[in-house]
Amino acid sequence: MFLCSITRLGHSTWTSRSWLRTSEASNETGLKWLHPRCAGSSYRFSSLYASLGTQRDDSRSTEASAAENEQPLLLRVLRGDVRVPRPPVWLMRQAGRYMSAFRSYSDRYAFRERAENPEIAVELSLQPWRAFGVDAVIMFADILTPLPAMGLDYQIVPGKGPCIKPSIRSMEDLARIEPLTIDAAEAALPFVGATLTELARQLATRHPRPALLGFLGAPFTLAAYAIDGEGGRATAGRHVKRMMYTAEGQNLLHRLLTIMTESMVAYAVYQARMGAEAIQIFDSWAHLLPPEDYRELSLPYIARLVQGIRAADVQIPLILFANGSCGKLDTLEMVFPRRIISTTDAPGLDALGLDWKTSMAEARRLYGPQAILQGNIDPMVLAFGEQATMAAAIDRCVCSAAGGPHILNLGHGVMQETPEDSVAYFCDHVRALASANWYRDLRAALIEKRGML
Ligand SMILES: Cc1c2[nH]c(c1CCC(=O)O)Cc1[nH]c(c(CCC(=O)O)c1C)Cc1[nH]c(c(CCC(=O)O)c1C)Cc1[nH]c(c(C)c1CCC(=O)O)C2
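Here is what the cut-offs are and how they apply
- Within every chain, residues take consecutive numbers counted from 1 along the sequence as written.
- Residue-level local features of this predicted model are given only where pLDDT is at least 70; pairs of side-chain atoms are given and counted only at 80 or more, and the full residue set underlies all totals for whole chains, interfaces and linings.
- For side-chain calculations, the full set of non-hydrogen atoms in the structure is used, while hydrogens and water are omitted.
- UniProt positions are given in the numbering used here, feature names are shortened, and annotations may be inferred rather than shown by experiment.
- Helix numbers and strand numbers start at the N terminus; a helix is a DSSP run of H or I with at least 4 residues, a strand a run of E with at least 2.
- Contacts are assigned to residue pairs that have any heavy atoms within 4.5 Å of one another.
- Residue burial considers only the protein chains on display, and all accessible areas are found by Shrake-Rupley using a 1.4 Å probe.
- For this description, a residue counts as near a given molecule or strand if any of its non-hydrogen atoms is within 4 Å of it.
- Think of a polar contact as two N or O atoms within 3.5 Å of one another; within protein, one of them needs to be a possible hydrogen donor and the other a possible acceptor, and neighboring residues in sequence only count if both atoms come from side chains.
- Polar here means any residue other than Ala, Val, Leu, Ile, Met, Phe, Trp, Tyr, Cys and Pro, which are nonpolar, and Asp, Glu, Lys and Arg, which are charged; Gly is therefore polar.
- Three labels apply to residues, based on accessible area from a 1.4 Å probe with only protein chains included: buried if under 20% of the type maximum, exposed if over 50%, partly exposed otherwise in between.
- At least two DSSP bridges between two strands are required for those strands to pair.
- In this description, a line fitted to the C-alpha atoms serves as the axis of each element, helices being fitted only across the stretch in contact, and the angle between N-to-C directions of two axes falls anywhere from 0 to 180 degrees.
- An angle below 35 degrees is treated as roughly parallel, one above 145 as roughly antiparallel, one from 65 to 115 as roughly perpendicular, and anything else as oblique.
- Handedness of a helix crossing follows the sense of rotation of the near helix relative to the far helix, less than a right angle counterclockwise being left-handed and clockwise being right-handed.

Going by the annotation in an unreviewed UniProt entry, the name recorded for the protein is Uroporphyrinogen decarboxylase, with Cyanidiococcus yangmingshanensis given as the source organism. Looking at the Subunit (unreviewed entry) heading of the UniProt record, one finds this comment for the protein: "Homodimer." Taken from UniProt, the Sequence similarities (unreviewed entry) comment for the protein reads in full: "Belongs to the uroporphyrinogen decarboxylase family."

Caption draft 1: Up close: the overall build of the protein. Looking only at helices and strands, the protein has 21 helices and eleven strands in total. Long-range contacts, defined here as pairs at least 24 residues apart, represent 76% of the contacts in the protein between residues at least 6 apart. When the accessible surface of the protein is split by element, carbon and sulfur atoms take 51% of a total near 18,300 Å².

Caption draft 2: Fine view of the site of the ligand. Lining the immediate surroundings of the ligand are 22 residues, of which Arg97, Arg114, Asp142, Ser284 and His412 lie closest. Arg97 has a polar side-chain atom sitting 2.6 Å from an oxygen atom of the ligand. Contact with the protein chains hides 91% of the accessible area of the ligand, taken as 860 Å² for the molecule alone. Contributions of two or more residues to the shell around the ligand are made by helix H7 (111–115) and strand S5 (161–165). Class assignment of the residues belonging to the shell around the ligand gives a composition of 13 nonpolar, four polar and five charged.

Caption draft 3: Representation of the side chain of Arg112 within the structure. As for its position among the elements, Arg112 is in helix H7. Residue Arg112 is classed as buried on the basis of its relative accessible area of 16%. Within the local environment of Arg112, its side chain forms a polar contact with the side chain of Glu116, the two groups lying 2.7 Å apart. In contact with Arg112, not counting residues within four places along its chain, are Pro148, Asp153, Tyr154 and Gln155.

Caption draft 4: Geometry of the UniProt feature "domain: Uroporphyrinogen decarboxylase (URO-D)" (unreviewed entry) in the protein. Per the UniProt entry, the sites bearing "domain: Uroporphyrinogen decarboxylase (URO-D)" (unreviewed entry) are residues 88–97 in this numbering. Along residues 88–97 one finds 0% helix and 0% strand; the C-alpha atoms at either end are 23 Å apart.

Caption draft 5: Here's a closer look at the pairing of strand S6 (residues 211–217). Among the seven residues in S6, seven count as buried, and that is most of the element. The alternating pattern of S6 places Ala211, Leu213, Phe215 and Gly217 on one face and Leu212, Gly214 and Leu216 on the opposite face, and all of these are buried. Two strands pair when backbone bridges link them, and strand S3 (residues 136–138) and S6 are joined in this way by three bridges, in the parallel orientation. From the neighbouring strand, Val137 faces S6, where its bridge partner is Leu212.

Caption draft 6: Quick peek at the packing of helix H19 (residues 387–401) against helix H20 (residues 420–432). Across the interface, H19 lies against H20 with an axial gap of 10 Å and an inter-helix angle of 40 degrees. Judged on the interaxial angle alone, H20 and H19 are oblique. For the pair H19 and H20, the sense of crossing is right-handed. Contacts from Gln387, Met390, Ala391, Ile394 and Asp395 of H19 reach H20 at Ser422, Tyr425, Phe426, His429 and Val430. A per-class count over the contact of H19 with H20 returns six nonpolar, three polar and one charged.

Caption draft 7: Just the sheet that holds strand S7 (residues 278–283), in detail. Strand order in the open sheet made by the seven strands is S3-S6-S7-S8-S9-S10-S11, with parallel pairing throughout. A strand with exactly one partner marks an edge of an open sheet, and here the two such strands are S3 and strand S11 (406–410). Strand after strand, the sheet turns through a mean of 25 degrees between neighbouring axes, direction not considered. When S6 meets S7, the two strands line up parallel, connected through five bridges. For Leu216, the partnering residue across the bridge sits in S7 and is Ile281.

Set out below in structure tokens:
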């Protein structure tokens, strides 16, 4: 009801003054966002900035250079640049069966035939960019793609989801896993390299150029798939929990997590060498974990993964999608600290993708203006929402994330029943922010604040 009524007012009825004004009551430098869609997300910049030390250099000047403007929008934001004309937009699982062009392949070829054939993988990676003009092309593959190279075979069974054989339930099973090295990735996963190289080649001459994203599964998520094996969706983590809650199982789990971590370091380095410009780490099964277990079983391995990637001198931006971030924002500080004093102090993770249950405004308040946040619209808004609802959800999300760099995305993957027209509208609405007065004011105020520091 509230969403509908504010949406009907439309942007044009809002003057810049009604969206934003200097807070007279408190600090001179305090700003409050007064757009009604931002209800609950208002805060004062002054309190955010007060807690910060030195800023990243790229946020000091208010004018972007021509060379910077040539950079893909997403990469600029992933470097902390707030002078972009609008937030970049891409969608998790943007290539999928909700697209008719995709179904013409998925009806004919099994998942691995598509993912392991570079020609098809390139085509499927490009489809959402061609159709909707998203700001990122993510290589078509799966988080399970590297597993066969480690001795874990998998199939995506229609109607059932991922099935891994053999599943890992004992030390004997574990002994059969072959940790992945960069050489082994090159030898056993050449299609990943070929897909990335060809995508990089095709995109190089595009203006504006989308960013080329690689991705991988977080160690806990991959371990959970390997343990649950064939059960997948049906067992819903029961086998993982059985392992977590016995001493012997815990020992096995930590060993498996170590193998997955080392393997994903090699896989990330391989992707970066083959042309990935940023990598997203999907911790899709982290929602299974209460915060204490998350702190023990997922985050330390993500930290080691990121350290391993950086130790191999891979400096491309890394995004963590923390499914289950809701209620764990404090805990996440272990890998995504609140106060980044300088870029060299960061543990190496650049951006945090939030799930759709998490409050974006709370995350911004907690992590401050330096934090690069991604997300986090409910995928069901895209699947079932009418245009006004989608517009309201986007505007509210943008307002909530205001105060620092933000990448528009869903809070989980695109659902199969999503209409393609809705995705087109969604991306158009984000692009139109560049000429919306309220958004321009929001951005100008942010740049001014950064420039003042
Ligand atoms: C958990 C997870 C998986 N895979 C992935 C995740 C993390 C994202 C998330 O949390 O949703 C990541 C993934 N999977 C796929 C991509 C391709 C790139 C893109 O995002 O467009 C990416 C980034 C292709 C795919 N991977 C899969 C599909 C759908 C099946 C098909 O195309 O045949 C696609 C397009 C299969 C898959 N693979 C997995 C699942 C849960 C499924 C769906 C199974 C089903 O729908 O029955 C494991």
